[in-house]
Amino acid sequence: MTERTLILVKPDGVKRALSGEVLRRIEAKGYTLVAVELKHATPELLAEHYAEHVGKPFYAPLVDFMLSGPVLAVVAEGERVIEGFRSLAGTTDPTTAAPGTIRGDLARTWDLPVIQNIVHGSDSPESADREIGIWFPAL
Ligand SMILES: Nc1nc2c(ncn2[C@@H]2O[C@H](COP(=O)(O)OP(=O)(O)O)[C@@H](O)[C@H]2O)c(=O)[nH]1
Ligand SMILES: [Mg+2]
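As the structure is a computational prediction, the values presented were derived from the model and not from experiment.

(A) Looking closely at the UniProt feature "binding site: ATP" (unreviewed entry) in the chain. Residues annotated in UniProt with the feature "binding site: ATP" (unreviewed entry) correspond here to K10, F58, R86, T92, R103 and N117. Within the fold, K10 resides in the loop between β1 (2–9) and α1 (11–15). When sequence neighbours within four positions are dropped, the list of residues in contact with K10 reads Y50, F65, M66, P70, V71, R103, N117, I118, V119 and H120. Residue placement: F58 occurs in the loop between α3 (43–49) and α4 (59–66).

So this is what it looks like as structure tokens:
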């Protein structure tokens, strides 16, 4: 079943010039790019995007981090792309993310309390629909 997912190259990835590397891995896996746009988040947009995390101890540092520079917003399409991209991304903590994954290969902890892990990927079809609507309302 073909589906779509929302991927973000977070400000750390854009600053470190890894946007192309992330796009390369998405395409090399065989997924199709549907939309790619450099955007600046806002506090309001992030409160929607990270609704499940509002109020958690790491929410404020996470928002500061996500506002610290542009993000590359991407919609990718393919068979089971939601799970597939999460697998390409690796686990949340980049220190222990598996080598071979984007986070495992390219990210590490620089300055807590922010976990800088290069990418975001939707975690379910419901999240993907919701997040694509937030970042690309015209799609
Ligand atoms: N400092 C800190 N940041 C976190 C923590 N958990 C999550 N984050 C950050 O918040 C983002 C969203 O968290 P989550 O949805 O759980 O992880 P993801 O789906 O793997 O990105 C993560 O990618 C991290 O950047 C935490 O325990 N501490
Ligand atoms: Mg998540």
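(B) Quick look at the UniProt feature "domain: Nucleoside diphosphate kinase-like" (unreviewed entry) in the chain. With numbering matched to this structure, UniProt assigns "domain: Nucleoside diphosphate kinase-like" (unreviewed entry) to residues 2–139. Annotated as residues 2–139, this span is 41% helix and 20% strand, and its ends, taken at the C-alpha atoms, are 16 Å apart.

(C) The sheet that holds β1, seen in detail. Overall, antiparallel pairing links the four strands, which are arranged β2-β3-β1-β4 in an open sheet. Each having just a single partner strand, β2 (32–39) and β4 (119–121) make up the two edges of the open sheet. When the angles between neighbouring strand axes are averaged without regard to direction, this sheet yields 20°. Bridge analysis of β1 against strand β3 (residues 71–79) gives eight bridges, and the strand direction is antiparallel. The partner of I7 across the bridge, within β3, is V74. The sheet contacts of helix α5 (residues 81–89) involve β1, β3 and β4, and relative to β1 the element is tilted by about 35°.

(D) Seen up close, the pairing of β1. Burial analysis of β1 places six of its eight residues in the buried class, the great majority of the element. Pairing of β1 with β4, which is carried by three bridges, proceeds in the antiparallel orientation. Along β4, the bridge assignment pairs I7 with G121.

Cut-off values and rules
Residues numbered from 1 in each chain as written. Chains lettered and ligands numbered in written order. Predicted model: local features only at pLDDT ≥ 70, side-chain atom pairs only at ≥ 80, totals over all residues. Heavy atoms only, no water. UniProt positions renumbered as here; feature names shortened; annotations may be inferred. Helix = DSSP H or I, 4+ residues; strand = E, 2+ residues; numbered from the N terminus. Contact = heavy atoms within 4.5 Å. Pairing = 2+ DSSP bridges. Axes fitted to C-alpha atoms, helices over the stretch in contact; angles between N-to-C directions. Buried < 20%, exposed > 50% of the residue type's maximum accessible area, 1.4 Å probe, protein only.

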